[in-house]
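If you want the building blocks of each chain, they are given just below.
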There are 2 protein chains.
Amino acid sequence: MNTLVKGWFSEISDELWPGQCFSLKVKEILHEEKSEFQDIKILDTETYGKALILDGVIQCTERDEFGYQELISMIPICSHPNPERVLIVGGGDGGVAREAIKHPAVKEVYQVEIDGRVVDLSKKYLPFMACGFDSPKVHLTIGDGFEFMKNHKEEFDVIITDSSDPIGPAVSLFQESYFELMKKALRPGGIICSQGSNFWIDLEHVKETLKACACHFKNTSYAMAMVPSYPCGSIGFVIGCLDEKRDLKTPLHCFTTDQIDKLNFKYYTSDVHKGAFALPRFAAKAFEF
Amino acid sequence: MNTLVKGWFSEISDELWPGQCFSLKVKEILHEEKSEFQDIKILDTETYGKALILDGVIQCTERDEFGYQELISMIPICSHPNPERVLIVGGGDGGVAREAIKHPAVKEVYQVEIDGRVVDLSKKYLPFMACGFDSPKVHLTIGDGFEFMKNHKEEFDVIITDSSDPIGPAVSLFQESYFELMKKALRPGGIICSQGSNFWIDLEHVKETLKACACHFKNTSYAMAMVPSYPCGSIGFVIGCLDEKRDLKTPLHCFTTDQIDKLNFKYYTSDVHKGAFALPRFAAKAFEF
């Protein structure tokens, strides 16, 4: 799945992104272990800072993690009229929690991460993300997101799924039954936003995930963020809303430029929110169903 | 500058993008030569189709070249009220010419490419791009863009610079004197669009290029396209317009969805045009000067 040779970490996957490979030059391997769920590596790289690698796949790097974390959080949260209660499934590095609590309407953030070791190691090696856990608004449970939601019906305004790629343990987070479960855990008018793979890599898979979402959310859409250290340099989000009439492309809450800078958003703005939905024609066309 | 080992082509540059590397699995090396100006490779890759490599840097691949070619052409052309005469500097593969002639108002496309071997080899190996040269509207000159423009003052409505990266022979295409020359070659109300590097790689360099453009064009802006096979998965465009009041973000000519599909645009739409200017906050902030 991956190689660490001659001082370079290479992200090779014949299954997920055949024929292409992104590599980062490594200064130091800070930690390596096999947890109950996955292989975890924390690297210090030459030009991307600290990097978290799960099962050979780059999850986030210090240099560019903000784009993903800000958009997967703010697109759904700013599209909700009153996003008081937020649930994060996954996101063990803490970056999504760090962003979610920035919105003034967010009162409580519940988070369920299956692998406690990712949380522990992020606190030790990746404090720039793990600082998200420091807020008294954030309530972290180490456990299974499926089980958690079964016991929390109609409780959340926003559910964010910050998962790894659709291979191995995370496969179920891209399937219809998962979208059904999220729908039941939402309060009326609620909204979900899930890591949605990348249509540059596998257009058909994204289409299938969107269809699974659309089975339970008539108002379904897809948005993109540039993330240089991800395969193909970008990643998408599958968004579903219980309010059929809400225009997900237009944020209900618009931060001023001053607020954006004070809250230390490095990527998200209201213009970015709108622009994230402007998909290349080949993708927009494939998603017309 | 690059390596071709064990069936992989790796794009390594300590000068341009230190510490990171994108690699493509190669089926066959179709051609290799050293022209008068540069090292030229044409590869057949496992999953990106045919690829053109100049001095070790991926210029375009069959799988994803359309995004770059469509946006560098259509953003300036659709921002001009009557883009009759277009000049392309560089673009020896033919892809930009292929796109430029799609716009109904474009009557003549003049193109100056310094390296005739790139044109010859594209015609032989990359006909999906070189087909741009087939149109009777396209007039190709093999020569120096600087010299060409010195002899063609106030002749063009749109000037597109499709150059390689700011290293070696292309350095001058990112400097102030080049923007001055383009300004003089434009007709009143004209607009220029140049390959503008990538702020994810070198924010300061993009800022300097924008400043060089702004010395001669008070209406200067920057837009982005996702291109998976480029470093960091995206690339930017520096745009300058002689009409100070024109809103570059809003296309003057909007194609209908039917027209978009009939003209075989795979990336460009009016929404994509607008969205391309929605820069991440850290970049937008750096470009406020």
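Per an unreviewed UniProt entry, chain A is named CLUMA_CG013191, isoform A, and its organism is Clunio marinus. According to UniProt, the comment filed for chain A under the heading Sequence similarities (unreviewed entry) is "Belongs to the spermidine/spermine synthase family."

A.B. asks: For this particular structure, what's the right way to read the overall build of chain A?
C.D. replies: Across its full length, chain A holds 10 helices and 13 strands. Seen along its three principal axes, the alpha-carbon backbone of chain A occupies a region of about 55 × 45 × 40 Å. Evaluated residue by residue, chain A yields a buried proportion of 62% over its 289 residues. Sequence separation of 24 or more characterises 66% of the internal contacts of chain A that already satisfy a separation of 6 or more. Total accessible area on chain A is roughly 10,800 Å²; 50% of this is exposed by carbon and sulfur atoms. Each charge sign in chain A was given a centre, from 31 positive and 42 negative side chains, and these centres are 4 Å apart.

A.B. asks: Looking at this structure, I do not really get the interface of chain B and chain A. What am I missing?
C.D. replies: Chain B puts 41 residues into the contact, and the matching count from chain A is 41 residues. Approximately 3,200 Å² of surface area, both sides summed, lies buried where chain B meets chain A, with 64% of it carried by carbon and sulfur atoms. Three residues, Trp200, Met226 and Arg281 of chain B, lead the burial of chain B against chain A; their summed loss comes to 22% of the area buried on that side. Where chain B packs against chain A, one counts four salt bridges. Across the pair Lys285 of chain A and Asp261 of chain B runs a salt bridge whose closest N-O atoms are separated by 3.8 Å. Run the count over chain B and chain A and you get 18 residue pairs in polar contact (both at pLDDT 80 or more). Here the side of chain B that touches chain A takes six residues from strand E3 (residues 20–34) of chain B, the largest share from any one element. Split into classes, the residues belonging to the side of chain B that touches chain A amount to 23 nonpolar, nine polar and nine charged. Where strand E3 (residues 20–34) of chain A meets E3 of chain B, five bridges bridge the pair, whose relative direction is antiparallel.

A.B. asks: Explain the environment of Ile29 of chain B to me, please; I cannot follow it from the model alone.
C.D. replies: Residues and elements named next belong to chain B. Following the sequence through the fold, Ile29 ends up in strand E3. Looking at Ile29, the relative accessible area reads 41%, which means it is partly exposed. As a C-alpha pair, Ile29 and Leu43 span 14 residues in sequence and 4.6 Å in three-dimensional space.

A.B. asks: Teacher, can you tell me more about the UniProt feature "active site" (unreviewed entry) in chain A here?
C.D. replies: When the UniProt feature table is mapped onto this chain, "active site" (unreviewed entry) is found at Asp162 of chain A. Ignoring anything within four residues of it in the chain, the contact list for Asp162 of chain A reads Tyr68, Gln69, Ile72, Val89, Gly90, Gly91, Asp93 and Val96 of chain A.

A.B. asks: How should I be thinking about the domain arrangement of chain A in this particular structure?
C.D. replies: When the parts of a complex come together, some accessible area is lost, and that lost area is often taken as the interface size. Residues and elements named next belong to chain A. As far as domains go, chain A holds domain 1 (2–61) and domain 2 (65–286). Here the C-alpha centre of domain 2 lies 23 Å away from the C-alpha centre of domain 1. Listed as interface residues are 23 residues of domain 1 and, on the opposing side, 22 residues of domain 2. Both faces combined, the contact of domain 1 with domain 2 buries some 2,100 Å², and carbon together with sulfur accounts for 67% of it. For the pair domain 1 and domain 2, the interface holds one salt bridge. Glu33 is paired through a salt bridge with Arg117; the nearest N and O atoms lie 2.7 Å apart. Counting residues per element, the ones that place at least two in the side of domain 1 that touches domain 2 are E3, strand E4 (39–45), strand E5 (50–54) and strand E6 (57–61). For the side of domain 1 that touches domain 2, the residue count by class is 13 nonpolar, six polar and four charged.

A.B. asks: Is there a simple way to think about the sheet that holds strand E7 (residues 85–90) of chain B in this case?
C.D. replies: Sheet strands pair via backbone hydrogen bonds, and the direction of the pair is either parallel or antiparallel. All names here are of chain B. In space, the seven strands of this open sheet follow the order E9-E8-E7-E10-E11-E13-E12, with mixed pairing throughout. Pairing within the sheet leaves two strands with one partner each, and these edge strands are strand E9 (138–142) and strand E12 (219–226). Neighbour-to-neighbour, the strand axes of this sheet turn through a mean angle of 15°, independent of strand direction. Bridge count for strand E11 (residues 186–195) against strand E13 (residues 234–241) is five bridges, and the pairing is antiparallel. Across the sheet, residue Cys193 finds its bridge partner in E13, namely Ile239. Along the sheet, helix H1 (residues 65–78) makes contact with E7, strand E10 (156–162), E11, E12 and E13, crossing E10 at roughly 155°. Where helix H7 (residues 203–214) meets the sheet, it contacts E11, E12 and E13, and its direction lies at approximately 140° from that of E12.

Cut-offs applied
- Residues numbered from 1 in each chain as written.
- Chains lettered and ligands numbered in written order.
- Predicted model: local features only at pLDDT ≥ 70, side-chain atom pairs only at ≥ 80, totals over all residues.
- Heavy atoms only, no water.
- UniProt positions renumbered as here; feature names shortened; annotations may be inferred.
- Helix = DSSP H or I, 4+ residues; strand = E, 2+ residues; numbered from the N terminus.
- Buried < 20%, exposed > 50% of the residue type's maximum accessible area, 1.4 Å probe, protein only.
- Contact = heavy atoms within 4.5 Å.
- Areas by Shrake-Rupley, 256 points an atom, 1.4 Å probe, with all protein chains shown as cover.
- Lys, Arg positive; Asp, Glu negative; His and termini not counted.
- Charge placed at Lys NZ, Arg CZ, Asp CG, Glu CD.
- Buried area = accessible area lost by both parts, 1.4 Å probe.
- Salt bridge = Lys/Arg side-chain N within 4 Å of Asp/Glu carboxyl O.
- Polar contact = N/O pair within 3.5 Å; in protein donor to acceptor, adjacent residues only side chain to side chain.
- Nonpolar A, V, L, I, M, F, W, Y, C, P; charged D, E, K, R; others polar.
- Pairing = 2+ DSSP bridges.
- Domains from an automatic or database assignment.
- Axes fitted to C-alpha atoms, helices over the stretch in contact; angles between N-to-C directions.

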